[in-house]
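Residue-level listing of the chains:
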Amino acid sequence: MAKKMKTNFDYDMAVIGAGASGLAAALTAACMAPELSVAVFEKKETEGKKLSAAGNGRCNLSNIRCEHLEEVMDFFGKAGIAVRKDEEGRLYPYSEEAGEVTSLLTAGAESRGVKIHLNSEITGMEALPEGGFLLFACGKKSEPGAETVRARTVLIAAGGKSYASMGTTGDGYVMARKLGHDVTGLVPALTAVEVSEDITALKGARVKAEACLYRNGEMIFSERGEVQFRADSLSGICIMNMSRYIRRGADYRIGLNITADFSRAELETILRNKLSLKGLSAAEALKTLVRHQLAFTVLKQAGIEPDEEGLSILADAGRLEKLADALTCMKFKVKGLKGWNEAQVTAGGVKLSQVDHMTMESKLVPGLFFSGEVLDYDGPCGGYNLHHAWLTGIRAGKGMALKCTESIR
Ligand SMILES: Cc1cc2nc3c(=O)[nH]c(=O)nc-3n(C[C@H](O)[C@H](O)[C@H](O)COP(=O)(O)OP(=O)(O)OC[C@H]3O[C@@H](n4cnc5c(N)ncnc54)[C@H](O)[C@@H]3O)c2cc1C
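Just so we're clear, the structure is a prediction, and the values are computed from it rather than from any experiment.

### Regarding the nonpolar core
A general tendency of soluble globular proteins is for nonpolar side chains to be buried together. Counting residues in hydrophobic clusters, the biggest one holds 70 residues, and the most contacted among them are Met 13, Ala 14, Ile 16, Ala 26, Val 154, Leu 155 and Ile 156. Per element, the largest residue contribution to this core is nine residues, and it comes from helix α12 (residues 384-408). Ignoring any residue separated from it by four or fewer positions in sequence, one finds Val 154 in contact with Ala 14, Ile 16, Met 125, Phe 133, Leu 135, Gly 367, Leu 368 and Phe 369. Counting residues in hydrophobic clusters, the runner-up holds 46 residues, among them Val 195, Leu 213, Ile 239 and Leu 286.

### Re the site of the ligand
Close contacts around the ligand come from 37 residues, with Gly 17, Gly 19, Gly 159, Gly 167 and Gly 372 the closest. Those elements that provide at least two residues to the shell around the ligand are α1 (20-32), α2 (49-53), β7 (121-127) and α12. Partitioning the shell around the ligand into residue classes produces 16 nonpolar, 13 polar and eight charged.

### Let's talk about the domain arrangement of the protein chain
For the protein chain, the assigned domains are domain 1 (11-187 + 341-408) and domain 2 (193-337). Summarising the inter-unit geometry, the C-alpha centres of domain 1 and domain 2 are found 42 Å apart. If you look at the interface, domain 1 gives six residues, while domain 2 gives five residues. A class-by-class count of the residues in the side of domain 1 that touches domain 2 yields four nonpolar, one polar and one charged.

### Observations concerning the environment of Asn 257
Its place among the elements puts Asn 257 in strand β15 (residues 252-257). Overall, the presence of 18 C-beta atoms within 10 Å leaves Asn 257 in the partly exposed class.

### Comments concerning the sheet that holds strand β3 (residues 62-63)
In spatial order, the strands read β3-β5-β4; together these three strands make up an open sheet with antiparallel pairing. Every other strand in the sheet has two partners, leaving β3 and β4 (83-85) as the edge strands with one partner each.

### Notes on the packing of helix α7 (residues 264-275) against helix α11 (residues 317-328)
Packing of α7 against α11 brings their axes to within 10 Å, and their N-to-C directions diverge by 120 degrees. By the criterion of interaxial angle, the relationship of α7 to α11 is oblique. With respect to the hand of their crossing, α7 and α11 are arranged in right-handed fashion. Along the contact surface, α7 presents Arg 264, Leu 267, Glu 268, Leu 271 and Arg 272, while α11 presents Leu 320, Leu 323, Ala 324, Leu 327 and Thr 328.

### Remarks on the pairing of strand β1 (residues 11-16)
In terms of burial, β1 is a largely internal element, six of the six residues being buried. Of the pairings in the sheet, the one linking β1 to strand β9 (residues 148-156) comprises five bridges and is parallel in character. Across the sheet, the residue bridging to Tyr 11 is Ala 151, located in β9. When β1 meets strand β2 (residues 38-41), the two strands line up parallel, connected through four bridges. When the sheet's bridge partners are listed, Met 13 is paired in β2 with Val 38. In this region the chain leaves β1, passes through α1 and returns to the parallel neighbour β2; the handedness of that crossover is right-handed.

### A short note on the pairing of strand β8 (residues 133-138)
Burial of β8 is one-sided: the residues Phe 133, Leu 135 and Ala 137 facing one way are buried, the residues Leu 134, Phe 136 and Cys 138 facing the other way are not. Here β7 runs beside β8; their pairing, made up of six bridges, is antiparallel. Directly across from Met 125, in β8, lies its bridge partner Leu 135. If you look at the hairpin formed by β7 and β8, you'll find five residues sitting between the two strands, and Gly 131 has a positive phi there, around 105 degrees. The sheet contact formed by β8 and β9 spans four bridges and is antiparallel.

### As for the sheet that holds strand β14 (residues 233-235)
Taken in spatial order, the six strands of this closed barrel run β11-β14-β13-β12-β15-β16, and their pairing is antiparallel. The average angle at which neighbouring strand axes cross in this sheet is 45 degrees, direction not considered. Relative to β14, strand β11 (residues 193-195) runs antiparallel, the two being bridged by two bridges. What sits directly across from Val 193, in β14, is Leu 234.

Conventions adopted
Residues numbered from 1 in each chain as written. Predicted model: local features only at pLDDT ≥ 70, side-chain atom pairs only at ≥ 80, totals over all residues. Core = buried A, V, L, I, M, F, W, Y, C linked by C-beta atoms within 7 Å. Buried ≥ 20, exposed ≤ 12 C-beta atoms within 10 Å, placed from the backbone. Helix = DSSP H or I, 4+ residues; strand = E, 2+ residues; numbered from the N terminus. Contact = placed C-beta atoms within 7 Å. Near = placed C-beta within 6 Å. Nonpolar A, V, L, I, M, F, W, Y, C, P; charged D, E, K, R; others polar. Domains from an automatic or database assignment. Pairing = 2+ DSSP bridges. Axes fitted to C-alpha atoms, helices over the stretch in contact; angles between N-to-C directions. Parallel < 35°, antiparallel > 145°, perpendicular 65-115°, else oblique. Left-handed = near helix turned anticlockwise from the far one by under 90°. Right-handed = clockwise from strand over helix to strand, strands pointing away.

Below, the structure is given as structure tokens:
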């Protein structure tokens, strides 16, 4: 390991948060400038709690559709992260073990001299008039002197404010604001959507559907996928992606097309055939087309009694149409979003126009950098959020290393 230079600072680079972007930044900086000192301050007892839980423990690292994929893949290669791609283009660690990504990055950073302080919450920060920063750290009692830290450059990689139990309580936004940055409205995103209807009878049901979102009557989002019914809300990847488009102050409705594989004409033919089977009730006729649990809700929306004979429905063409409408647009009124405890990411954050996208340095405070979820970016499910954390972390690591090297010269 290269010998670290002696300076007036405790560290040349201080990273707040040992999550995906903080670890990527620290490792990149340490590789680029081994003569400089890098420290990471993590408030939790272990690194990368969210990273280790990502993708249900499999860690959906990135996606082949992400921009600047080559920069991130190059980093994975250098960090030793072996990758596999699934049929949808989502990228995972080859072992599909999220925790291994965290431990590999941690070991890589430490072996290059990065000092990781666990149980060390940064509670505040000041920009020093002569350059550099003073950090206030709430360290372990066993580490005297950890109360204030002088750093030449600082990276705020403290994540968002969802899943507070994993350390992300929105501290980065507070620090950014105190140093003069604008933080756009913070909203829980990638979360389940609460509906006004009583759907307790549907709890546990799963259905493949095209899920559409209507704002004030106009369709603004649609995606196919599996919808999961909970006691008071809808979930599943397509619903979580939908949640990114729901804001306060408008009337939102969800329409589920649960027979999306058929054209309208095909569906009406299927219904006509089924309802004309002699002696079958409407609920019985829907069997094999619609899950039993859902059939009653569909019939209710179509104004049909479950035990009404199918043939009598056919007698009135308008009623067949209503049934087809209910199957192609099962309606729910949006009541709200599940909150911060369930949201996978935070929408909103430090205004992107106040940060240089290549170095991640603040345009307002020289020497201050931002990466990851603290920035005003949120992507859909599928690896986009971690990709953003890696990309901005790598760029911040390079940016900090260059800044320090220039200021020492
Ligand atoms: C359950 C779940 C599953 C997810 N799965 C995926 C997935 O498969 N694919 C995907 O792309 N995205 C996924 N995400 C989102 C993704 O994990 C985050 O977007 C990403 O981790 C953000 O990286 P980050 O470095 O900005 O912040 P984080 O990884 O959240 O790290 C921030 C770190 O900063 C620390 N910290 C905060 N404040 C302070 C402070 N004051 N002092 C010191 N340390 C502090 C925190 O303890 C934390 O360790 C998932 C999220 C959740 C909650």
